[in-house]
Amino acid sequence: ETLTTSSLSRSSAFDVGRGALHGAAVGRRDSDELGLASAIRALEPAGAADGGRGTTPEHTSAAPASWYGVGEEEEVVSDKDTSPSSSGVSAAGGHSAAPPLPPAALARRLGALCREGAPDGEILGVTLEFLPAIEHLESEEAVPALEAVLSGSRRRLAQLPALLDAVERLGDLVAVRAEDLPTPQLLAALNWFAGIGLPYLLLFETVLVVVLERNIAQGITYGQVVSILEAFAAVRLHVSELHALYKHLRQPHELARLPTMALVRFLSAASRLDIVADPTRDVREIIERVLAETTPQRPLPLESSVVL
């Protein structure tokens, strides 16, 4: 199904293999499972008949059928279909080529369904409708769409592979358009992926490279450096470019600008990433700076003490 929604599906090579993939999927014992049934529909050649499978709800796709290679003359029948895509069916039984909701609205709808605890089938239906619409998001809509989806779907990602696929495609979109996005939005995308424990290398590495290039041209705040290091540390993702960020913030004049809590966060993230250049000297200097800001009247919070 991922192939059918990608640019590869428009190639002659895919047309050659479509029949074999369709036959293999139909032959599976679990071909009635909702996700696989949707893939079987997507793999049908344009204008193909039902092939004897019938038009039961289990064999219908929740996404607009024309987006998955189903011919205009085929009618998708489902008495139980309450997903937004059902509004795309015309009175004549055909399907509109455009989704009933804009991509950004689909992202918000998907996040809302997850937060409300909607059934897997309904969430899957909207997810399948959202997948091919992702590439049509404007650059400024990419990160808000990611936030909308992940704000309510964290617990459902392991249950619905299609939902995880949508999240990763949103990550792809942010990576591709990273040059057009402001640094705060790029860091927000990193933090969302770090929050769900997904070390998506393409996104993390792209954002890091873009931020480092911007640092040369316009500088970078200590908060942004610490935020990046913490995001990488959360998913235990180590890339060589992180050493440049550590070296930047390790400079004495930069350390002198850091508040006490930022010093603790910086040392904690750098230690988890194993990028502390000179552990004996660096750790001693950072600890001394923390202690210099700590008094009986302003003690270090217990949690920070444990972190150190």
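Calculation rules
Residues numbered from 1 in each chain as written. Predicted model: local features only at pLDDT ≥ 70, side-chain atom pairs only at ≥ 80, totals over all residues. Heavy atoms only, no water. Helix = DSSP H or I, 4+ residues; strand = E, 2+ residues; numbered from the N terminus. Buried < 20%, exposed > 50% of the residue type's maximum accessible area, 1.4 Å probe, protein only. Contact = heavy atoms within 4.5 Å. Areas by Shrake-Rupley, 256 points an atom, 1.4 Å probe, with all protein chains shown as cover. Axes fitted to C-alpha atoms, helices over the stretch in contact; angles between N-to-C directions. Left-handed = near helix turned anticlockwise from the far one by under 90°. Nonpolar A, V, L, I, M, F, W, Y, C, P; charged D, E, K, R; others polar. pLDDT = per-residue confidence, 0-100. Phe/Tyr/Trp six-rings, centres within 6.5 Å; stacked < 30°, edge-to-face > 60°. Salt bridge = Lys/Arg side-chain N within 4 Å of Asp/Glu carboxyl O.

## Some thoughts on the overall build of the protein
Then step 1. Per the secondary structure count, the protein includes 14 helices and zero strands.
Then step 2. If you list the helices and strands of the protein from N to C, you get α-α-α-α-α-α-α-α-α-α-α-α-α-α.
Then step 3. When burial is assessed residue by residue, the protein has 49% of its 308 residues classed as buried.
Then step 4. Pairs at least 24 residues apart make up 65% of the contacts formed inside the protein by residues separated by at least 6 positions.
Then step 5. Accessible surface, the protein: about 15,000 Å² in total, of which carbon and sulfur atoms supply 55%.

## Let's talk about helix 4 (residues 120–130)
Then step 1. Judged by how many residues are buried, helix 4 sits mostly within the fold: eight of 11 residues are covered.
Then step 2. For helix 4, the full list of buried residues reads I123, L124, G125, V126, T127, L128, E129 and F130.

## Re the packing of helix 4 against helix 6 (residues 161–176)
Then step 1. Where helix 4 meets helix 6, the closest approach of the two axes is 9 Å, and the angle between their N-to-C directions is 30°. Considering how the two elements wind past one another, helix 4 and helix 6 form a crossing that is left-handed. Along the contact surface, helix 4 presents L124, T127, L128 and F130, while helix 6 presents A162, L163, A166 and L170.
Then step 2. Residues of the contact of helix 4 with helix 6, tallied by class, amount to seven nonpolar, one polar and no charged.

## Things to note about the confidence of the model for the protein
Then step 1. Within the protein, residue pLDDT values average 80, and 80% of them lie at 70 or more.
Then step 2. Contacts of residues 49–99 to residues separated by more than four positions or lying in other chains number 101 contacts, the stretch itself having pLDDT below 50.

## Digging into unusual backbone geometry
Then step 1. The backbone of R236 sits at a positive phi, close to 55°, despite the residue not being glycine.
Then step 2. Residue position: R236 is located in the loop between helix 9 (222–234) and helix 10 (242–250).
Then step 3. R236 gets classed as exposed once you look at its relative accessible area, which sits at 56%.
Then step 4. With phi around 60°, D274 is a residue other than glycine that occupies positive phi space.
Then step 5. Structurally, the position occupied by D274 is in the loop between helix 12 (260–273) and helix 13 (279–292).
Then step 6. The exposure class of D274 is exposed, given its relative accessible area of 63%.

## Quick notes on the packing of aromatic side chains
Think of a pair of aromatic rings as described by two things: how far the centres are apart, and how the planes are tilted against each other in angle.
Then step 1. Under the defined criterion, the tally for this structure stands at three aromatic pairs.
Then step 2. Ring centres of F193 and Y200 lie 5.9 Å apart, and the angle between their planes is 10°; this geometry places the pair in the stacked category. In this pair, the class of F193 matches that of Y200, namely buried.
Then step 3. Residues Y246 and F266 carry aromatic rings whose centres are separated by 5.3 Å and whose planes lie at 20° to one another, so their mutual orientation is stacked. Note that Y246 is positioned in helix 10 and F266 in helix 12, a separation of 20 residues in sequence.
Then step 4. Residue class for Y246 comes out buried when judged on its relative accessible area of 4%.

## What about the pattern of salt bridges?
Then step 1. Evaluated as defined, the whole model comprises 11 salt bridges.
Then step 2. With a shortest N-O distance of 3.1 Å, D165 and R169 are connected by a salt bridge. With a gap of four residues between them, D165 and R169 both fall in helix 6, about one helical turn apart. Taken as a pair, D165 and R169 share a single burial class, namely buried.
Then step 3. Among the salt bridges present, the one from R257 reaches E254, with a minimum N-O distance of 2.6 Å.
Then step 4. Judged by relative accessible area, R257 falls into the partly exposed class, the value being 47%.
Then step 5. E254 sits in the buried class, given a relative accessible area of 9%.
Then step 6. One connected set of salt bridges, linked through shared partners, spans R250, D278, R281, D282, E285 and R289.

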